[in-house]
Each structure stands twice: as structure tokens, then as C-alpha cells.
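# Inside the fold
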Amino acid sequence: MSLLTEESVRRNSESEGDAESPEHDPHFEPVLSLPLVDIQTNEEDEEELAKIRARLYRYDTADHEWKERGTGDIKLLRHKLNNTVRVVMRRDKTLKVCANHFITPDIRMNVHCGSDKAFNWSVFADFADETMKQELLAIKFGTVQNAELWKAKFAEAQEIVRTKCFLYTQDLSSDDESSITRSEDTDTPEPKTTDKPDEDSKKDTLESHGVVLKLKELKVDSEKSD
């Protein structure tokens, strides 16, 4: 019985030594191989102007209260070709979009509830839910420095849109062209003659009519004589 016990202990020790050996590296081929997928974020043609961590809120008009929309990195993305700038924010972990709208020069960034770390602004068309919605948004930053950086970058983005975006520069050029066209069209027209005919012209007209009548009378008399 003791011999069997010693033999089993020896075998167990050998098996444990083999398992702990660094040369033991089993390799198993996967049953199903999954190819790498390139995920498009629709941000490939844009450059990042700012990326700041913050917490976003939206005002619920039905309940008349502010509701949290998500926490994550809020970004300002400038399109490389047409110079549009949009606000994009994704929630942590899930990466679900909670803010997605273009910046226009008329958006006003207001201090929210007297805090130096929070702002609110109104946007006409936000596409966070894949449908266009008018939203009143508020954002809160962790530090005053981040809040000031966001306000400065937002103003910089508005200036880029106002001066370089083709949507706004085209409107300015069209207004200039229309003003030039209006100035060309409003040249001093040629004066129209509205004076009444004087007495001499009236007399000449009457005399001409009288000559014609006399000629007709002469023609009639000559025919009768024949």
C-alpha cells in the first residue's frame, strides 16, 4: 500500500513539474477567425480643434427641468474642405452620441446659473438622436480653466465659420454683387420729353392737314369735270 502511495505522489509531482515548465506553450487554432473591421466614425475628413471632458445636460420642455445627457469628451471638429465646425460628444464606455450639431455665428454662449464652470446655449438643429431637434443644452466642466478654454475655442470656431465657410462667404459675395447690380441698374435714365407742343408746332400740324384736305378736294373736282 505504501508503494502505491509513493508511486502516485511521484507521478503527481512529475505532472505538476511539466505543467509549470516554461517550455510548455500549447497553441490551439481558433475554430472561427474574425477579420478586422475598419469602423467609420464620419470624422475622417475633420480636424480636431478642441477635446475637453465635461458633462452635458438638456432642457426637457415637457417636464420643465434639466436632464443629464451624458459624460464624456466634447469635441470641436473642423471640416478640412468646407470649413464647417460641429460639436460632437460621445458618452463614456458606450460611445453613444449625445451631441451633434453645427456651429453658426449667431449662437450665444451664456453663463449657466451663475457658475464659472458651466455654460448653456440654444441650437436649432441637433442630430444626436439621428433626427433634427431644437435643443437647449448646458455643459459643466471640472475646472475653470477647461471652461475658459471651451469658451475661447467656441468663439474661435464661430469666427472660422463666419469668415471661411462657403455657406456664409457665398452669401456675403452675393450681397455685394446684388448691390453692384442695383447701382448699375439705378443709373440716371434718359429724360423723357413730357413738354407740351408749342404753338408753332400746332400751327404746322394744322397747316399740313389743311394741305392734305385741299389736295383731296382738287382730286375730287377733277374727277367730276371728267
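Read on for an overview of the structure. Computed from a predicted structure; not experimentally measured.

Here the focus is the layout of surface pockets. Within this model, the largest pocket holds a volume of roughly 180 Å³. Every residue along the wall of the largest pocket is listed here: Thr41, Asn42, Glu43, Arg86, Val88, Arg90, Val97, Asn100, Phe127, Ala128, Asp129 and Glu130. Counting only elements with at least two residues in the lining of the largest pocket, the list comes to strand E3 (85–91) and strand E4 (97–102). The leading source of residues in the lining of the largest pocket is E3, at 3 residues. Its residues assigned to classes, the lining of the largest pocket shows 4 nonpolar, 3 polar and 5 charged.

What follows deals with the packing of aromatic side chains. Any aromatic ring pair is given by two values, namely how distant the centres are and how the planes are angled relative to each other. Under the criterion given, the structure shown has 5 aromatic pairs. Between Trp121 and Phe154, the aromatic rings sit 6.3 Å apart at their centres with planes inclined by 50 degrees, giving tilted as the arrangement. Taken together, the residues span a long stretch of sequence, with Trp121 in strand E6 (residues 118–126) and Phe154 in helix H2 (residues 144–164) at a distance of 33 residues. An aromatic cluster is present here, built from Trp121, Phe141, Trp150 and Phe154 joined pairwise through their rings.

Most of E3 sits out of view: 5 of its 7 residues are buried. Where strand E2 (residues 65–79) lies against E3, 7 bridges are found, and the strand directions are antiparallel. Looking across to E3, one finds that Leu76 is bridged to Val87. Once E2 ends, the chain turns through 5 residues before running back antiparallel as E3, passing Asn83 with a positive phi of about 60 degrees. When E3 meets E4, the two strands line up antiparallel, connected through 5 bridges. Opposite Arg86, over in E4, you have Phe102 as the bridge partner. Here E3 folds back onto E4, and the loop between the two strands holds 5 residues, one of which, Lys93, carries a positive phi near 70 degrees.

What follows concerns the side chain of Asp126. Inspection of the secondary structure assignment puts Asp126 in strand E6. Classification of Asp126 as buried rests on a relative accessible area of 1%. In this structure Asp126 touches Arg69, Ala99, Asn100, His101, Thr131, Met132, Lys133, Glu135 and Leu137, once residues within four positions along its chain are discounted.

This part takes up the nonpolar core. Core analysis: the biggest nonpolar cluster contains 27 residues, and Ile139, Phe141 and Trp150 have the highest contact counts within it. Counting only elements with at least two residues in this core, the list comes to strand E1 (46–60), E2, E3, E4, E6, strand E7 (133–141) and H2. Ignoring sequence-local partners within four residues, the contact set of Trp150 consists of Ile52, Ile74, Leu76, Val87, Met109, Phe119, Trp121, Ile139 and Phe141.

Before going further, it helps to spend a moment on the pattern of salt bridges. On inspection of all chains with the given rule, the structure shows 15 salt bridges. Note that Glu47 and Arg78 form a salt bridge whose closest N and O atoms lie 3.8 Å from each other. Here Glu47 is found in strand E1, whereas its partner Arg78 is found in strand E2, with 31 residues between them in sequence. A relative accessible area of 34% means that Glu47 is categorised as partly exposed. Owing to a relative accessible area of 15%, Arg78 belongs among the buried residues under this scheme.

Parameters at a glance
- Residues numbered from 1 in each chain as written.
- Predicted model: local features only at pLDDT ≥ 70, side-chain atom pairs only at ≥ 80, totals over all residues.
- Heavy atoms only, no water.
- 1 Å grid on protein atoms, 1.4 Å probe; cavity = no way out; pocket = protein on both sides within 12 Å on 5 of 7 lines; lining within 4 Å.
- Points joined across faces, edges and corners; volume = space filled by probe spheres on them.
- Helix = DSSP H or I, 4+ residues; strand = E, 2+ residues; numbered from the N terminus.
- Nonpolar A, V, L, I, M, F, W, Y, C, P; charged D, E, K, R; others polar.
- Phe/Tyr/Trp six-rings, centres within 6.5 Å; stacked < 30°, edge-to-face > 60°.
- Buried < 20%, exposed > 50% of the residue type's maximum accessible area, 1.4 Å probe, protein only.
- Pairing = 2+ DSSP bridges.
- Contact = heavy atoms within 4.5 Å.
- Core = buried A, V, L, I, M, F, W, Y, C linked by side-chain atoms within 4.5 Å.
- Salt bridge = Lys/Arg side-chain N within 4 Å of Asp/Glu carboxyl O.

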